[in-house]
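What the coordinates show
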Protein chains: 2
Amino acid sequence: MLMTKEILRQKKLKVTPQRLSIFYMLKNTTSHPSVETIYSLLRETHPTMSLATVYKTLSVLVDANLVQQINVGENSFRYDATVSPHPHIICSKCNEVHDLHLDFVDEFFYKVQEETNFKLSYQKLYFYGICPTCQH
Amino acid sequence: MLMTKEILRQKKLKVTPQRLSIFYMLKNTTSHPSVETIYSLLRETHPTMSLATVYKTLSVLVDANLVQQINVGENSFRYDATVSPHPHIICSKCNEVHDLHLDFVDEFFYKVQEETNFKLSYQKLYFYGICPTCQH
DNA sequence: ATCATTGCAAAAGGTTTGCACCAAA
DNA sequence: TTTGGTGCAAACCTTTTGCAATGAT
């Protein structure tokens, strides 16, 4: 919990219980939750927290580059406290979203930059299929 | 125009002026328009077409695999009549979305499949940066 | 003639905003 | 004490839905 507080201070963000709890929860899940999911889970421990606060807090965390927003093809966003540019893989059956850490991603990034003459800043890579568990 | 009609017939979709015009326009643009853009452009030539029809038609075309839906991080979808799984590159300044045709994409796809044991069906790859024109 | 598609309006998400109150610094 | 965050409700925007009228086969 201390760590979380310090990171917020470092970014010159006011430290509030709401911000702490949202950021802390995102750092401790691999499920890439949506706003609705974050809200319902935190309601259990923070009954007064409003949906608007969740939205506002996430926006602040994204702007501070502490959290990234992803869109996997649903009509809502999901959030990920791992901000390094890593690909995501989505199971079309159970709809779970997993992080991928692949060593050849950077190489790919630079190849694209070279071929296009864009000045690239980041990438979002999504892979869709059936996960090993759901294949049975 | 004949081509468009035939493709719809082939997919056993009823051929209507609305479907023809939406599909035809998507096949003849590289701008990856949103529903709103498609609707306003087509209103000029088809004043009675409704927004709901644009949504329903796009849904039909996506299901028939004649059009793909992409989400580039906006809170709305864009549409692309090139259905082969190619990456997109987005300029963060002018917000234009371009197709990328890279020979090493397939290789990348199979590498991910091998490493993850997923049975992959498709991928969505987005690159973000500043385009050559906007760099000046 | 049949049955799917269209257009309209209403409803349903998801997200944003304005403002009074409250809490962090 | 000041500044900015929170919570509530209303508004907004994109997308979906129900249904009667219309059009494609």
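These notes cover the structure that comes with them. The structure presented is a predicted model; accordingly, all values stated were derived computationally and were not measured.

Reading the values: the criteria
- Residues numbered from 1 in each chain as written.
- Chains lettered and ligands numbered in written order.
- Predicted model: local features only at pLDDT ≥ 70, side-chain atom pairs only at ≥ 80, totals over all residues.
- Heavy atoms only, no water.
- Pairing = 2+ DSSP bridges.
- Helix = DSSP H or I, 4+ residues; strand = E, 2+ residues; numbered from the N terminus.
- Axes fitted to C-alpha atoms, helices over the stretch in contact; angles between N-to-C directions.
- Contact = heavy atoms within 4.5 Å.
- Least-squares fit on C-alpha atoms with pLDDT ≥ 70 in both.
- Buried < 20%, exposed > 50% of the residue type's maximum accessible area, 1.4 Å probe, protein only.
- Lys, Arg positive; Asp, Glu negative; His and termini not counted.
- Salt bridge = Lys/Arg side-chain N within 4 Å of Asp/Glu carboxyl O.
- Disulfide = S-S within 2.5 Å.

On to the sheet that holds strand β5 (residues 119-130) of chain A, then. Ordered by their spatial adjacency, 6 strands build an open sheet running β4(A)-β3(A)-β5(A)-β5(B)-β3(B)-β4(B), and the pairing between neighbours is mixed. This sheet does not close on itself; its edge strands, each paired only once, are β4 (97-99) of chain A together with β4 (97-99) of chain B. Averaged over all pairs of adjacent strands, the angle between strand axes in this sheet comes to 25°, irrespective of strand direction. Sitting on the sheet, helix α5 (residues 105-116) of chain A touches β5 of chain A together with β3 (88-91) and β5 (119-130) of chain B, and the angle it makes with β5 of chain A is about 125°. Relative to the sheet, helix α5 (residues 105-116) of chain B contacts β3 (88-91) and β5 of chain A together with β5 of chain B, its axis offset from that of β5 of chain B by approximately 125°.

As a further point, take the relation of the copies chain A and chain B. Overlaying chain A with chain B gives an RMSD of 0.1 Å, the required rotation being 180° about an axis along which the chain moves by 0.0 Å. Here the symmetry operator amounts to a two-fold rotation axis. For chain A, the smallest separation between a C-alpha atom and the rotation axis is recorded for L125 of chain A, amounting to 2.3 Å. An overlap of 100% is found between the interface residues of chain A and their copies at the interface of chain B, pointing to a shared contact surface.

With that settled, the discussion passes to the side chain of R19 of chain A. All names here are of chain A. Mapped onto the fold, R19 is located in helix α2 (residues 17-27). One buried charge, R19, has no salt-bridge partner; the nearest side chain with opposite charge is D63, at 9.6 Å. Leaving out residues up to four positions away in the same chain, R19 has contacts with L8, L13, K14, T57 and V60.

Two cysteines whose sulfur atoms are joined by a covalent bond form what is called a disulfide. Residues and elements named next belong to chain A. Applying the stated criterion to the full structure yields 0 disulfides over all chains. Looking at the unpaired C131, the closest cysteine sulfur is the one in C91, lying at 3.7 Å. What makes C131 buried here is its relative accessible area of 6%.

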